[in-house]
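# Observations on chain architecture
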Amino acid sequence: MTDLSYLKDDFPVLDDGVHFLDSGASSQKPIPVLEAMDNFARTSYANVHRGAYKLSVASTDAYEAARRRVAEFIGSSTDDEVVFTRGATTALNTVAFGWGLENLGEDDIILSTEMEHHANLVPWQMVAKRTGATLDHIPVTEDHRLDMDAYAEKLVPRVKVVAVTGMSNVLGTMPDIPTIAEMAHAVGARVVVDAAQLVPHAPVDVQELGADFVAFSSHKMLGPTGIGVLWGRMDALEETEPFEGGGEMISEVSLHDATWAPIPHRFEAGTPPIIEAVGLHAAIDYLDSIGMEKIFQHDQELTAIALERLGDVPGVTIQGPNDLDRRGGVVSMTMDGIHAHDLATILDEQNVAVRAGHHCAKPLMKCLGVAATARASFYVYNEEADIDALVAGLRRAGELFGVN
Ligand code: PLP
């Protein structure tokens, strides 16, 4: 078992012994991230790109250094392809509204999937209504994977964009993005990847991924809330109109017209998340100091243990692939006769923190035929003892509800 237990002291919030299994919603922050933000705010903070004075220059340097760090982390060929946003949701809305409204019309098809988070579904519904484009979805197979045969059938030349998750936040399924992108590009479609669960948990190189847009959030990868990333291939960003107007995103402005600043600044209207960018930079340094391969391996080992032990708990059904093939550290479950919310409450009484509900994936819940699931998600600070506690808590819930 990959041992990352030496990291635990970096996460003071875990000191009271909570078995924190909700990193899929938001991860905890290690001391180096908290200190980097605190230190920056104490010594170097000012608004960016505005002042000629030293503090503003230092702040701008730190903000742009964060952009460089993100670019390096995901293998971007240039820093200019990295746009800072408020989070994955804003990044995906930037693509849907900025690219979609410009490039889609009545004859076009937007192809998404049945396993998307609402963040990669609802913006496309809104854009489909405004443009008259048709919205279609790739179904999920019985073993909870993306139906690639159905994808091949649905991928007709009218498809102009494929919007797909890099890792389902409910099932843990990791669709084969390089193949999906290659197939989409063969019919001239753009590919948008919701990588909110992927980038924090697996090595990602945007060149290998092959997509045109990749969106993710800092707060799920040990960084602060309030900042996320839209990576876009330069030619795709050039096809995209700014989604928000305001300060900092313009080149010239008159009373009736404006021209845009160069990419990426045209997509960053207003004062950006400056302290948060410094925090994200520190979070990436922290993740890299562990190694993304090792983090993925660690998540997979915990997932293997969880799948095996949960399978032995009476009444529990795993909602997601039963093996580790293309699967991340998200384990959703239902238990016969117990609502997911009751399950989560009983687990909380045992100091086990899991998420319960539809996980912002209501259409997927419908496909699965369930109203809600309880979801355990793993990250660097989790260990086997957390799964033991989860299993003990589920057995306790079973006893209370008479499940056998
Ligand atoms: N996509 C997926 C798969 C997610 O799990 C989430 C968050 O739960 C999001 C998008 C949205 O991320 P954010 O709320 O940080 O914008």
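Structure first, text after, so check above.
Residues numbered from 1 in each chain as written. Predicted model: local features only at pLDDT ≥ 70, side-chain atom pairs only at ≥ 80, totals over all residues. Heavy atoms only, no water.

## Comments concerning the sheet that holds strand β8 (residues 228-232)
The strand order β2-β8-β7-β6-β5-β3-β4 describes an open sheet built from 7 strands, whose pairing is mixed. The open sheet has two edge strands, β2 (82-85) and β4 (134-138), and neither has a second partner. Strand-to-strand twist of the sheet, defined as the mean angle between neighbouring strand axes without regard to direction, takes the value 20°. Sheet topology note: the β2/β8 ladder contains 4 bridges and is antiparallel. What sits directly across from T85, in β8, is G228. (Pairing = 2+ DSSP bridges. Helix = DSSP H or I, 4+ residues; strand = E, 2+ residues; numbered from the N terminus. Axes fitted to C-alpha atoms, helices over the stretch in contact; angles between N-to-C directions.)

## Considerations on the site of the ligand
Every residue close to the ligand is listed here: G87, A88, T89, H117, A119, N169, D194, A196, Q197, S217, H219 and K220. Take D194: an N or O atom from its side chain is 2.5 Å from a nitrogen atom of the ligand. In isolation the ligand has 390 Å² of accessible area, and contact with the protein removes 84% of it. Broken down by class, the residue content of the shell around the ligand amounts to 3 nonpolar, 7 polar and 2 charged. (Near = heavy atom within 4 Å. Polar contact = N/O pair within 3.5 Å; in protein donor to acceptor, adjacent residues only side chain to side chain. Areas by Shrake-Rupley, 256 points an atom, 1.4 Å probe, with all protein chains shown as cover. Nonpolar A, V, L, I, M, F, W, Y, C, P; charged D, E, K, R; others polar.)

## Brief notes about the packing of aromatic side chains
Throughout the structure, instances matching the rule amount to 7 aromatic pairs. Plain terms: the ring middles of F11 and Y381 are 4.8 Å apart, the flat faces sit at 70° to each other, and that makes the pair edge-to-face. Linking F11 in the segment before β1 (19-20) with Y381 in the loop between β15 (373-377) and α13 (384-401), this pair joins segments that are 370 residues apart in sequence. Considered together, F11 and Y381 belong to a single accessibility category, that of buried residues. Here the aromatic rings of Y379 and Y381 are separated by 6.1 Å at their centres, their planes lie at 75°, and the arrangement is edge-to-face. (Phe/Tyr/Trp six-rings, centres within 6.5 Å; stacked < 30°, edge-to-face > 60°. Buried < 20%, exposed > 50% of the residue type's maximum accessible area, 1.4 Å probe, protein only.)

## Overview of the sheet that holds β15
Read across the sheet, 4 strands follow the order β11-β12-β15-β14 without closing on themselves; strand pairing throughout is antiparallel. Strand pairing shows two members of the sheet lacking a second neighbour, β11 (316-318) and β14 (355-357), which therefore form its edges. In this sheet, adjacent strand axes meet at a mean angle of 30° when their direction is disregarded. Where β11 and strand β12 (residues 330-335) come together, 3 bridges link them in antiparallel fashion. If you follow T317 over to β12, its bridge partner there is T334. Against the sheet, helix α10 (residues 292-310) touches β11 and β12, its axis set at about 15° to β12. (Contact = heavy atoms within 4.5 Å.)

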